[in-house]
Amino acid sequence: MSVNPEDIEHEDTIVWAEDVSSYDYIRETLIRSARNRRRPVSPPAGRRVGYAVLREDAPSNDNAPGTFSRRVFWVKEHDRSEQPNGVYSEIAPSEAVDPRTVAPRAPGELTERAWGGKLP
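On a predicted model such as this, the values are computed, not experimentally measured, just so you know. (Residues numbered from 1 in each chain as written. Predicted model: local features only at pLDDT ≥ 70, side-chain atom pairs only at ≥ 80, totals over all residues. Heavy atoms only, no water.)

Asker: Kindly report on the sheet that holds strand β5 (residues 96-97), identifying the contributing residues and their values.
Answerer: Reading across the sheet, the five strands line up as β1-β3-β4-β2-β5 and stay open at both edges, with antiparallel pairing between neighbours. Unpaired on one side and paired on the other, β1 (11-16) and β5 mark the two borders of the sheet. Where strand β2 (residues 26-34) and strand β4 (residues 68-75) come together, six bridges link them in antiparallel fashion. Opposite Arg27, over in β4, you have Trp74 as the bridge partner. (Pairing = 2+ DSSP bridges. Helix = DSSP H or I, 4+ residues; strand = E, 2+ residues; numbered from the N terminus.)

Asker: I'd like a description of the side chain of Asn36, backed by residues and values.
Answerer: With respect to the secondary-structure elements, Asn36 resides in the loop between β2 and β3 (47-54). By relative accessible area, which is 14% here, Asn36 ends up buried. Within the structure, the side chain of Asn36 is placed 3.2 Å from the backbone nitrogen of Arg38, a separation counted as a polar contact. A polar atom in the side chain of Asn36 sits 2.8 Å from the backbone nitrogen of Arg39. Residue contacts for Asn36: discarding those within four places in its chain leaves Phe68 and Arg70. (Buried < 20%, exposed > 50% of the residue type's maximum accessible area, 1.4 Å probe, protein only. Polar contact = N/O pair within 3.5 Å; in protein donor to acceptor, adjacent residues only side chain to side chain. Contact = heavy atoms within 4.5 Å.)

Asker: Outline the packing of aromatic side chains, supporting the account with residue identities and numerical values.
Answerer: Taken as a whole and assessed by the stated rule, the structure comprises two aromatic pairs. Pairing Trp16 with Phe73 gives two aromatic rings, centres 5.4 Å apart and planes at 45°, and the pair type is tilted. Within this pair, whereas Trp16 is found in strand β1, its partner Phe73 is found in strand β4, the two being separated by 57 residues in sequence. Between Tyr25 and Tyr88, the aromatic rings sit 6.4 Å apart at their centres with planes inclined by 80°, giving edge-to-face as the arrangement. Pair noted here: Tyr25 is in the loop between β1 and β2 and Tyr88 is in the loop between β4 and β5, with a separation of 63 residues, a long-range link. A single burial state applies to Tyr25 and to Tyr88, both of which are buried. Cation over ring: Arg27 sits above Trp74, and NZ or CZ is 5.2 Å from the ring centre. (Phe/Tyr/Trp six-rings, centres within 6.5 Å; stacked < 30°, edge-to-face > 60°. Lys NZ or Arg CZ within 6 Å of the ring centre and 35° of its normal.)

Asker: Residues and numbers for the nonpolar core, please.
Answerer: Judged by nonpolar contacts, Ile14, Val20, Tyr23, Ile26, Val49, Ala52, Phe73, Val75, Val97 and Val102 together constitute the single largest core of 10 residues. For this core, the secondary-structure elements that each account for two or more residues are β3 and β4. Beyond its immediate chain neighbours, meaning those up to four positions away, Val97 contacts Asp24, Tyr25, Ile26, Glu28, Val102, Gly108, Glu109 and Ala114. (Core = buried A, V, L, I, M, F, W, Y, C linked by side-chain atoms within 4.5 Å.)

Asker: Describe unusual backbone geometry, naming the residues involved and giving the relevant values.
Answerer: Even without glycine at this site, Arg105 takes up a positive phi of about 65°. Here Arg105 is to be found in the loop between β5 and α1 (112-115). On the basis of relative accessible area, Arg105 is assigned to the partly exposed category, the value being 44%.

Asker: Summarise the side chain of Asn61; cite the residues concerned and give the values.
Answerer: Structurally, Asn61 is set in the loop between β3 and β4. With relative accessibility at 13%, the residue Asn61 sits in the buried group. Excluding anything up to four places from it in sequence, Asn61 contacts Arg32, Thr67, Phe68 and Ser69.

Quick look at the structure:
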């Protein structure tokens with residue numbers, strides 16, 4: 001599940017709530033109903049490890065005034081970082097991106113490190 005660059009073109013920074021440097025992958029989700037540009041946003045499930053902050057002049061969504069599209073980065077209790085020998089020991093979920101590839105205005109990427117081996 002990839003994020004389109006035009007959906008994140010107004011990002012200013014990425015705020016990390018945790019040190020993700022040792023994580024093979026994190027989940028990246030675009031929240032289209034964020035009610036602000038800067039405060040933390042919540043993931044659909046699991047534990048938030050980071051989030052995008054928008055520029056002050058970022059416009060609200062055309063189809064829902066007063067809401068903004070923002071990325072949130074998160075992990076679930078059964079992800080590889082939490083259970084190295086679990087269900088995702090050799091694969092990754094559809095939202096997975098390598099945290100080393102995350103930057104403002106750039107979608108995260110699925111790498112071999114994130115996948116857990118050769119990409120399919």
